[in-house]
Each structure stands twice: as structure tokens, then as C-alpha cells.
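One letter stands for each residue in the lines below.
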Amino acid sequence: MKKIIYGLLIVLAGGLYACKDEEREPLEADFSSDVQTVVVEGRIAFMDKSSGLPVRWNWYFEGGEPAASELFSPEVTYRMPGTYAVKLVVGRGPEEAVVEKTEYVTIEYPGEITVNFEADRLQATDADLITLTDKSTGFPNAWAWELVSRTGEKVTSTEQNPAVRLAPGVYTVTLTASNPKSSGSLTETDYLTVIDRNAVTAAFTASTRLTYEGGTVTFADASIGNSMRQRWTFEDGTPAVSSEKNPAVTYTAAGKYKVTLVASNNENSSVKETEGYIVVVPGQSLVVLYPFAGNADDAGPNGLDAVPVTRGASAVAFGADAPREGAGEVIFNSKNKDDYAFFEVPANPALRFGSSDFTVAFWAKTSDTRNTQGVYQQGSGPAARPDNANRQSWFRFQPAKPFFRFVIEYTGKSGNWTDYSAKTLADEEWHYYVCVHASGSTYVYVDGVKAAEALNKGLKEIDGAPYYIGAMYRGDEAGRSFENFLHGSLSDYALYRRALTAVEANALYEVLK
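Residues numbered from 1 in each chain as written. Predicted model: local features only at pLDDT ≥ 70, side-chain atom pairs only at ≥ 80, totals over all residues. Heavy atoms only, no water.

Caption draft 1: Summary view of the overall build of the protein chain. When helices and strands are tallied, the protein chain shows two helices and 45 strands. Radius of gyration (C-alpha) of the protein chain: 37 Å, far over the 24 Å computed for a compact globule of 513 residues. C-alpha atoms of the protein chain, sized along the principal axes, occupy 125 × 85 × 40 Å. The 513 residues of the protein chain split such that 47% are buried. A fraction of 62% describes how many contacts in the protein chain between residues 6 or more apart in sequence connect residues 24 or more apart. Summed over its atoms, the accessible surface of the protein chain is roughly 24500 Å², and 49% of this surface lies on carbon and sulfur atoms. Where the 47 positive side-chain charges of the protein chain centre and where its 65 negative ones centre are 6 Å apart. (Helix = DSSP H or I, 4+ residues; strand = E, 2+ residues; numbered from the N terminus. Rg over C-alpha atoms; globule rule 2.2 N^0.38 Å. Buried < 20%, exposed > 50% of the residue type's maximum accessible area, 1.4 Å probe, protein only. Contact = heavy atoms within 4.5 Å. Areas by Shrake-Rupley, 256 points an atom, 1.4 Å probe, with all protein chains shown as cover. Lys, Arg positive; Asp, Glu negative; His and termini not counted. Charge placed at Lys NZ, Arg CZ, Asp CG, Glu CD.)

What follows is the structure in C-alpha cells.
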């Protein structure tokens, strides 16, 4: 038994001596990486190769992200071309070892440059500084700018983002950007317009170009050059003249009106005059007025800005292919019940028509001859009320006769279904529709002429909400299903709490065309 114990002690002692030998193995730092050369924005994976069983790692990466790491095997991204050092400090207990490899990684320039630039202003005077900003991709490190006027004046620069003053003229701008591996150029013809500091070219804008009787429009002097004084003249506006820079003008009668601005300084003056610049529609009992000039804001008296209703990737868009110069256009292109976009008009007491008269008027354009398309729906549709009653009004285009329907529908009573069957109006042309409910009869005027009617159908109450533009629906709020999406454009959408006469419908068309 003693011999066995003695043998075990010898084995254990040998093991202890072996551990001490391992602990005394020198700590030596070293590392490697999967690659040493990458293109800018590339990643490099580093691996510890140190001997002596380190338990701590402190990496330092010149030019890298992250710049430091305590991981055993970090990954690093390099975002700028160059040659960079890598340092590793390893530790075990109180011991440390260091290795630093200079010029270890090389980050190369990409092989392609896409040139782009922009100026902080495209129109300026010869006293203004114009700052040109390089927007190129591909990591250029050299730039050659050339600005040449139509008359041959030339300005050059090798700065990345030069600021220049130019003599009067129209300038073509060329930027050539390069790096050690690639180069590229971009030329923008007649990109900059520079005028004499004492010159002035009159120009103006307005808060809206479509308003109503009693509505106010705010104008702004947008003249190019040194506009020190303004003299405005507003046809049929109040005030009729103004010397303010940004005057507010009220219009009291429907029509199209000229605006004139004389902009001047001590040396020069300029005149801008536009016939029919402001369009004014009747204001009596107006509920909403949507010019759709880049947004769905209400230009009428109630401020009922329409709210987008969206699902999926679809969105409403605003364009410039409107029925007249200066008008707005909203474009609807919903895909299906899971991918749509249209507008909801906020609930408001002004929309509670009940069984009273009202008028809906709008420009519409579509080329869709395959689908039923709703322009608007107001009130309770099928299954929207607890009693399952319909109390609604709507207008829709249809692919076959009748080619459109303007409807006031009330469950249990004969509806005012005003049908138009002459020909399809899905002809990719703008047409103006005025839809009138007058004491139980309904009328639709197309381009100023009566096109359909439904007479003496009786009064029927409609609910005030919901009110959708660009789609129709079924069901209540909790389970609403949208359908009959409009595939086309609308402009100058107006809603009145009264019945417009045939004369007024024609006059409205004449004003808005």
C-alpha cells in the first residue's frame, strides 16, 4: 500500500512541475488576418496567433471602424483609402506582450467614380458667392472644375467645394473627379445664371392660385436680382395696388384675374404680368376646395385638409399635367384591397347635408376602361349602419353602359341614380363634372353641358361621414373593405352645400378651364 501511495505522489509532483513549466512559457504577441488588401468600405477579419495562452486582447486599428477592440477575433471596416498599421497587446496576469505591424493593411480606391455636384443657388448676382459642392461617389481625391459662360469667360478651380463669384452670364459647369484608379466627368449645360447686381427680373408666387369669393391670397416677390421696391396691381382684388413685398389680397367675385408686379431698384426696373393668374370660384355655401397643387390642403373656408388613407406601398402623387396652367393634379394608382392610397375628408358639421341640396364638382382624367372607379363616397355604405341601411352618395366611372353614375342611395326608398350612357369618358382627357342634388332630383353637367339627370326621385338623407376621395367602401369602421379604386387624376375638387344652377355649372366650368 505504501508503494502505491508513493507512486501517486511522484505522478502528481510530475504534473505540478509540468503546469509550472507551462505557466513559464513566454507570452509572445502575434496575429494574422483573412486578407490584407481590400477596396474601401471592405471588411477584414483579424485573428489572434499569440503564444503563451493570453487571456486579454487589446487591438488598435489605425483608420478602422472600430478603432479598438477587446475581442479575440474582431472584424474591422475601412472607409478611407490608405495604408494602415495594426497593433495588438495581449495579457496574462501581470504580463503583457505587444506587436505592431506598420503598413499592414492596404485599402484601395474603387475602380469607378460617379460624378455629381450641386450649387447652393442656380441664379445669382455678380456680387453673390456661389458654392459648388461635390457629390461624387467612388472616393475621388482630385477635382477639376470648369465654369464657362456663353461668351467664353472661364473660371476654374481644383478645390473640392469651391466658392466663386462670376461675371454676369449663363454658365455651363463641368466637374472632373478622379482618384489613383479612376476618373469621371459631368457637364451641366447652362447650369448657372448670373446677372448684374443692379439688374432685376420681376417674378412672383402666390400661396394658392385657386381661391373662392371672400378668400385671401398671399403673394410673394420672387424677383431675381436686386429687387428693392415692389409695385403690385391686382385686378379686382382688395387692395387693388400694394407696395408691400408680400401682400395679402382678398377676391370677392368669381372669375380669372391678372396680377402685375413692377420690381425695381435705384438703377433698373422690371415688369411681370400674368393674365388669369388667380382663379376665383363661387364662395356661397362652399364646404371644401382642393386645388391639389402639391398637397391635399383645403383652400376653402373650413380648412378641412384631406388625410391620406394608405395600405401597402401605394401612395398618392401630385403632378403638373393639370387642365389649365397653374392648376394642381393628384394622381391615384391603387393596386388592390391590400395596396391602396386615397383621401379621407375629416368629419365636420359642414358635411352633414342630411336630405338638403349639395353639389360636387371636379376635373377628372382616366384611361381605365376595365374597372369600376370611385371618385368619391360619402355616408353609410352597405353594412356600415346597425340597421344595415344605406345613407350615402357617390360617383363612379364604369367600364360599360352606363359609363358613370352619380347616386344618392337610401335603403328602402328609390334611389337617385343618375346614369350617363352616351360614350365612355375614360379617354385620357380632362373632363369637368358638376354633380347636383336639388330637392330630390339630380343632374350631372360634363364640360359645362347637362349630360344626365334623374328627376323627382324624392328626398333621401345621407350621413356626413365618412367621406372618401379616390375610392369606395363596404362595411363599418371596424371591418371596412375598400374597393372601386380610382386609376386616374383629379383637379379642382369642390363641394357646396347648395345646388348650383345650370348657368352656375357652366360658369364654373368656364372659370376653371
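Now that the structure has been shown, we can carry on.
Caption draft 2: Local environment of helix α2 (residues 502-512). Among the residues making up α2, those that are buried are Ala 505, Leu 508, Tyr 509, Val 511 and Leu 512. Axial view of α2: buried residues confined to an arc of 165°, hence all on one face. (Arc of directions from axis to C-beta.)

Caption draft 3: Just the pattern of salt bridges, in detail. Inspection of every chain in the model, using the stated rule, returns 23 salt bridges. A salt bridge links Glu 483 to Arg 474; the shortest N-O distance between them is 3.1 Å. Judged by its relative accessible area of 23%, Glu 483 falls in the partly exposed class. According to the relative accessible area criterion, Arg 474 is partly exposed, its value standing at 43%. Connected through salt bridges with shared partners, the residues Glu 41, Glu 65 and Arg 79 form a single ionic network. (Salt bridge = Lys/Arg side-chain N within 4 Å of Asp/Glu carboxyl O.)

Caption draft 4: Main features of the environment of Phe 403. Position of Phe 403 among the secondary structure elements: in the loop between β36 (391-397) and β37 (404-410). Taking the relative accessible area as the measure of exposure, Phe 403 reaches 13% and is therefore buried. Once residues within four sequence positions are removed from consideration, Phe 403 is found in contact with Arg 396, Phe 397, Gln 398, Tyr 420, Ser 421, Ala 422, Lys 423 and Thr 424.

Caption draft 5: Region of the structure containing the pairing of strand β38 (residues 413-420). Pairing of β37 with β38, which is carried by six bridges, proceeds in the antiparallel orientation. Within β38, the residue paired with Ile 408 across the bridge is Asn 416. The antiparallel hairpin formed by β37 and β38 contains two residues in its connecting segment, where Gly 412 sits at a positive phi of about 95°. (Pairing = 2+ DSSP bridges.)

Caption draft 6: Broad picture of the packing of aromatic side chains. For the structure on display, the rule yields 46 aromatic pairs. With centroids separated by 5.7 Å and ring planes inclined at 20°, the aromatic side chains of Tyr 78 and Tyr 84 adopt a geometry described as stacked. Relative accessible area serves as the criterion here: at 0%, Tyr 78 is assigned to the buried category. Here the aromatic cluster, defined as three or more aromatic residues joined through ring pairs, consists of Tyr 290, Phe 292, Phe 318, Phe 332, Phe 343, Phe 362, Phe 395, Phe 397, Phe 404, Tyr 420, Tyr 433 and Tyr 493. Lying across the ring of Tyr 410, Lys 413 places its NZ or CZ 5.3 Å from the centre. (Phe/Tyr/Trp six-rings, centres within 6.5 Å; stacked < 30°, edge-to-face > 60°. Lys NZ or Arg CZ within 6 Å of the ring centre and 35° of its normal.)

Caption draft 7: Structural detail: the sheet that holds strand β26 (residues 248-251). Within the open sheet, the four strands sit side by side as β19-β21-β26-β24. Their pairing is antiparallel. The open sheet terminates on both sides in strands that have one partner only, identified here as β19 (204-206) and β24 (237-238). Bridge count between β24 and β26: two bridges; the pairing is antiparallel. The partner of Thr 238 across the bridge, within β26, is Thr 250.

Caption draft 8: Highlighting the side chain of Ser 393. The residue Ser 393 is located in strand β36 in this model. When its relative accessible area of 0% is taken as the criterion, Ser 393 is described as buried. In terms of polar contacts, Ser 393 uses its side chain to reach the side chain of Tyr 376, at 2.5 Å. When neighbours within four sequence positions are excluded, Ser 393 is seen to be in contact with Phe 358, Tyr 376, Gln 377, Gln 378, Phe 406, Val 407, Ile 408 and Ile 462. (Polar contact = N/O pair within 3.5 Å; in protein donor to acceptor, adjacent residues only side chain to side chain.)

Caption draft 9: Highlighting the sheet that holds strand β14 (residues 154-157). Strand order in the open sheet formed by five strands is β11-β17-β16-β13-β14, with mixed pairing between adjacent strands. One side of each edge strand has no neighbouring strand; the edge strands of this open sheet are β11 (123-125) and β14. Strand after strand, the sheet turns through a mean of 25° between neighbouring axes, direction not considered. Pairing of β11 with strand β17 (residues 182-195), which is carried by three bridges, proceeds in the parallel orientation. (Axes fitted to C-alpha atoms, helices over the stretch in contact; angles between N-to-C directions.)

Caption draft 10: View of the nonpolar core. Ranked by size, the top nonpolar core spans 50 residues in total, and within it Phe 362, Phe 395, Tyr 433, Leu 490 and Tyr 493 carry the most contacts. Excluding anything up to four places from it in sequence, Phe 362 contacts Val 375, Phe 395, His 431, Tyr 432, Tyr 433, Cys 435, Leu 490, Ser 491, Asp 492 and Tyr 493. Listed in part, the 22 residues of the second largest apolar core include Ala 299, Val 436, Tyr 496 and Leu 508. (Core = buried A, V, L, I, M, F, W, Y, C linked by side-chain atoms within 4.5 Å.)

Caption draft 11: Spotlight on the environment of Pro 110. Following the sequence through the fold, Pro 110 ends up in the loop between β9 (95-108) and β10 (117-119). Along the chain, Pro 110 and Trp 394 lie 284 residues apart, while their C-alpha atoms are 59 Å from each other. Setting aside residues up to four positions removed in sequence, Pro 110 forms contacts with Val 39, Val 40, Gly 138, Phe 139, Asn 179, Lys 181 and Ser 182.

Caption draft 12: Region of the structure containing the side chain of Ser 270. Within the fold, Ser 270 resides in strand β28 (residues 269-281). From its side chain, Ser 270 meets the backbone nitrogen of Ala 202 in a polar contact 2.9 Å long. Not counting residues up to four positions away in its chain, the partners in contact with Ser 270 are Val 200, Thr 201, Ala 202, Leu 261, Val 262 and Ala 263.

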